[in-house]
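Coordinate inspection notes
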Amino acid sequence: MASASKAAPAAGASSYSKDCDLPWVEKYRPHKISEIVGNQDAVSRLQVIAQDGNMPNLIFAGPPGTGKTTSILALAHELLGPSYKEAVLELNASDDRGIDVVRNKIKMFAQKKVTLPPGRHKIILLDEADSMTAGAQQALRRTMEIYSNTTRFALACNLSTKIIEPIQSRCAIVRFSRLSDIEILARLTAVVQAEQVSSVPEGLEALVFTADGDMRQALNNLQATFSGFGLITQENVFRVCDQPHPLMVSNIVRHCLGGNIDGAHQGMKELYDLGYSATDIITTLFRVVKNYDMPEFLKLEYIREVGFAHMRISDGVVSLLQLSGLLAKLCLVKERAKA
Ligand SMILES: Nc1ncnc2c1ncn2[C@@H]1O[C@H](COP(=O)(O)OP(=O)(O)OP(=O)(O)O)[C@@H](O)[C@H]1O
Ligand SMILES: [Mg+2]
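Structure report, in brief. (Residues numbered from 1 in each chain as written. Chains lettered and ligands numbered in written order. Predicted model: local features only at pLDDT ≥ 70, side-chain atom pairs only at ≥ 80, totals over all residues. Heavy atoms only, no water.)

In this section: the site of ligand 1. Surveying the vicinity of ligand 1 reveals 19 residues, the closest of which are Val 25, Val 37, Lys 68, Thr 69 and Thr 70. Within the backbone of Thr 66, an N or O atom sits 3.3 Å from a nitrogen atom of ligand 1. Thr 69 has a polar side-chain atom sitting 2.7 Å from an oxygen atom of ligand 1. When isolated, ligand 1 has an accessible area of 630 Å², and the protein chains bury 95% of it. Its residues assigned to classes, the shell around ligand 1 shows nine nonpolar, six polar and four charged. (Near = heavy atom within 4 Å. Polar contact = N/O pair within 3.5 Å; in protein donor to acceptor, adjacent residues only side chain to side chain. Areas by Shrake-Rupley, 256 points an atom, 1.4 Å probe, with all protein chains shown as cover. Nonpolar A, V, L, I, M, F, W, Y, C, P; charged D, E, K, R; others polar.)

In this section: helix α14 (residues 278–291). A rise of 1.5 Å per residue sets the reference length of α14, with its 14 residues, at 20 Å; its end C-alpha atoms lie 20 Å apart and thus fit the reference within 8%. Residues Ala 278, Ile 281, Ile 282, Thr 284, Leu 285, Arg 287, Val 288 and Val 289 constitute the buried set of α14. (Helix = DSSP H or I, 4+ residues; strand = E, 2+ residues; numbered from the N terminus. Expected span 1.5 Å × (residues − 1). Buried < 20%, exposed > 50% of the residue type's maximum accessible area, 1.4 Å probe, protein only.)

With that settled, consider the environment of His 310. Tracing the backbone through its elements, the reader meets His 310 in helix α15 (residues 296–314). Given a relative accessible area of 26%, His 310 falls into the partly exposed group. Along the primary structure His 310 and Leu 58 are separated by 252 residues, whereas in three dimensions their C-alpha atoms are 35 Å apart. If we skip the residues at most four places from it in the chain, His 310 touches Ile 282 and Thr 283. (Contact = heavy atoms within 4.5 Å.)

Everything listed here is a matter of coordinates, which is why it stays silent on function.
Structure (structure tokens):
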């Protein structure tokens, strides 16, 4: 088994983390904007801001594990260099960010005098800003304007709608979307090489499948599989991630397409008896159907039915009967299409 700690870091690992046993998500966190994978539009906008130096107030919005915090930190480092420590105030959801903190800590920092190169500003990073109370966000409105010649704000959140409109209107929004399978696979391959992890291509594909566009999840699952089994294969990945095996799920889809309700139901019961929740099963079923090789009109119908079942499951109807009903509908779709 390859040793993780002795491997030479690459793929964006910084020199100071070389000998630490850091989680790989941190060890391979990009430190420069140019190293951030995917979301080309957003990244190139940030590069222009980093060169120009005049950072507007920004909101970074997008799903988890796509590089929002990473981008904010990289941008702040590129803009402020050695002054980062004194010119950046970083607050995240673990800090108290009620209205008092806005009144005291944020205002105090905004008033603080820091000598910076011309054209640079102090930066207040509000990570996970969607968890800030509406009151605290309201209190930010005027502060953002009064100190705008010395201080700029960068907010990160999963849903931009959780940020009140007046703040949205004061900021430029940088949107991040889920990373593509190719981008995640390329990053995983780089980390696998740097850490000298033994892997087979199907294992890496399974990691990409389970991550569903979330780079953090992909790297965490890679490290968990490596420390658990030492070898990245499809089997090991699904054992670690504890998700329904897509092969079992695609067998169910195959049975439905063949109109074989008994076969499909047996497969579903097997999965259910393994202890997977209806939500786990329906989520994997959706992803399998999305990638399944079948005529497009059938795929659309399948996705529709799976979507309705997902809605009912989210409403709390999580029985095997619900999933069996879905299978019956999927078999019928094919029958109706034949007619
Ligand atoms: N675009 C990316 N390029 C390279 N690595 C990435 C990217 N996105 C995420 N990562 C990896 O995932 C880790 C977590 O990323 P980050 O903290 O930026 O996610 P986030 O978008 O802020 O998520 P959350 O919404 O949960 O806060 C990083 O340390 C990095 O290793
Ligand atoms: Mg974050």
